[in-house]
Amino acid sequence: MKKAYDSVDHRWLEQMFSLHRFYRWIGDVITRLSAKWNTKIAVRTVKGMETSERIRFSEGLPQGDTLRPRLLTMSISPLAWKLRASEGYRLSRPISQKVTDLLYIDDLMIYAASQGKLQVVMSDARMAMEDIGQAWNEQKCAHVKWGKLETSDELIIREDVIESLKEGSQYKFLGVLENVNHDRQPGSSECKKVYLDRLSVIWSSPLSDYNRVLATSQFALPALTYFMWTQVCTTTDLQRLNRETRKVMVVNGAKHPLSSTDLLYLPRKIGGRGLKSIEREYKTIKIKAAMNLYSNNDPTIHQVRQFEEKAARTGSRSLIKDAESYAKQLGLRLELQYPQPVGVTEAGNVIDRKKFSGWSKKVNQSRGCAEIESERWQGKLIAERWRDEDVDDECFAWM
């Protein structure tokens, strides 16, 4: 959608509170708030500062408002209802369910059984968007017929030309570059570049070591973890990224080339640096994704679950198989049963979805400590401090 947040009409928003049957006082509060959204324009001239009259906003949602995504979602609900009522596209067996659209905030995919039906649905969607004050960005629109690239085909929706996806081009959906072959390499290469660029800025900054590690976890690493839920990465690539991370630290004087690698990924309270391993984060995310897949009761997620089960049965790459393999490396046996997936440890303890994150951190920490203890000089020094009864828990407080 084109400027989706800035196009929300306040009068339409008031009607949506009534249509969704909210309590009247909630709608009244939003109405009074939206009436106060205004601004002034101030210009410095030779006569001094001149200020315009108060300009009231009749449409648009203010940036930074926590209600902003909720209000937008509510205002475009009629569009979602209209799309859901369409014929859509029916998936092949054994799923055999229809998919009409994928709508998230201002990103939209529409599915239809034929090009003619797609044209009708898109025309109806265009009219519905105009009714609620929204418009689509035709420059970012593209269509694909039967998963093949056909450069000659075009869709004309009320004088707007929707071109077909061309060879070598991609479209962006939820921030991920995709095409008909679901080629993840361009997207993964791009996110790796963003990650390393942010990493260089952080570790070359005058921040303290604690804050640089914190910034790496909160600002650099999300450039990778955002894509890990859906993309497939090899262990070799993840280990290479870990090495490049350590290389950036060495170049900026934050790590000695011969210092312990395992000590980087231990918590600071026991003498480590608190850095997060990209490989461990990826494997943990895959296990959590599989458990979320079997605990979610959304009908669309049910279709994804059926697809992954079919891929596992036919020997194709599957999230389920990857998650089971990574869980086994942690000493956990996954029992993926809807709606309560659990993991069973070697000692017979049951780990549910909510407890998995804390349990996996403890396992990785204990394994890291074991690796440190096996090292001859740096690990031996740290291990002696751990075992020394005269050294209390505040030994590493200075870190």
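Residues numbered from 1 in each chain as written. Predicted model: local features only at pLDDT ≥ 70, side-chain atom pairs only at ≥ 80, totals over all residues. Heavy atoms only, no water.

**Regarding the packing of aromatic side chains**
Part 1 of the argument: A full pass over the atoms with the stated rule returns 4 aromatic pairs.
Part 2 of the argument: Seen from their ring centres, phenylalanine 356 and tryptophan 359 are 6.3 Å apart, and the 35° between their planes marks the pair as tilted. On the criterion of helical spacing, the pair formed by phenylalanine 356 and tryptophan 359 is a turn pair, its members being 3 residues apart in helix H13 (residues 356–373). As far as burial versus exposure is concerned, phenylalanine 356 and tryptophan 359 are alike and both buried.
Part 3 of the argument: Above the plane of the ring of tyrosine 294 lies arginine 305, whose end atom (NZ or CZ) is 5.8 Å from the centre. (Phe/Tyr/Trp six-rings, centres within 6.5 Å; stacked < 30°, edge-to-face > 60°. Helix = DSSP H or I, 4+ residues; strand = E, 2+ residues; numbered from the N terminus. Buried < 20%, exposed > 50% of the residue type's maximum accessible area, 1.4 Å probe, protein only. Lys NZ or Arg CZ within 6 Å of the ring centre and 35° of its normal.)

**Some remarks on the sheet that holds strand S13 (residues 332–335)**
The strands that make up a sheet are held in pairs by hydrogen bonds between backbone atoms, and each pair lies either parallel or antiparallel.
Part 1 of the argument: Spatial ordering of the open sheet is given by S13-S14-S15, a layout of 3 strands whose pairing is antiparallel. Strand pairing shows two members of the sheet lacking a second neighbour, S13 and strand S15 (350–352), which therefore form its edges. The average angle at which neighbouring strand axes cross in this sheet is 30°, direction not considered.
Part 2 of the argument: Where strand S14 (residues 342–345) lies against S15, 3 bridges are found, and the strand directions are antiparallel. Bridge assignment links glycine 343 to a residue of S15, and that residue is isoleucine 351.
Part 3 of the argument: Along the sheet, H13 makes contact with S13, S14 and S15, crossing S15 at roughly 120°. (Pairing = 2+ DSSP bridges. Axes fitted to C-alpha atoms, helices over the stretch in contact; angles between N-to-C directions. Contact = heavy atoms within 4.5 Å.)

**Quick look at the packing of helix H1 (residues 10–19) against helix H3 (residues 68–75)**
Part 1 of the argument: In contact at an axis separation of 9 Å, H1 and H3 are set at 80° when each is read in the N-to-C sense. Taken together, the axis directions place H1 and H3 in an arrangement best described as roughly perpendicular. Here Trp12, Leu13, Met16 and Phe17 of H1 come into contact with H3, specifically with Leu71, Met74 and Ser75.
Part 2 of the argument: Here the contact of H1 with H3 is built from residues that sort into 6 nonpolar, 1 polar and no charged. (Parallel < 35°, antiparallel > 145°, perpendicular 65-115°, else oblique. Nonpolar A, V, L, I, M, F, W, Y, C, P; charged D, E, K, R; others polar.)

**A look at the confidence of the model for the chain**
Do not read the fine detail of predicted coordinates wherever pLDDT is low.
Part 1 of the argument: Of the residues in the chain, 94% have a pLDDT of 70 or more, and the chain-wide mean is 87.
Part 2 of the argument: Mean pLDDT across the secondary structure elements of the chain bottoms out at strand S9 (residues 154–157), with 70, and peaks at helix H10 (residues 278–293), with 95. (pLDDT = per-residue confidence, 0-100.)

**Overview of unusual backbone geometry**
Part 1 of the argument: For the bond running from tyrosine 338 to proline 339, omega is 5°, close enough to zero to count as cis.
Part 2 of the argument: Within the fold, proline 339 resides in the loop between S13 and S14.
Part 3 of the argument: Despite not being glycine, arginine 21 has its phi angle at roughly 60°, a positive value.
Part 4 of the argument: Here arginine 21 shows up in the loop between H1 and helix H2 (24–35).
Part 5 of the argument: Accessibility expressed as a relative area gives 76% for arginine 21, which makes it exposed.
Part 6 of the argument: Its identity as a non-glycine residue notwithstanding, isoleucine 105 has a phi of 55°, on the positive side.
Part 7 of the argument: Among the residues examined, isoleucine 105 registers a relative accessible area of 18% and is labelled buried.

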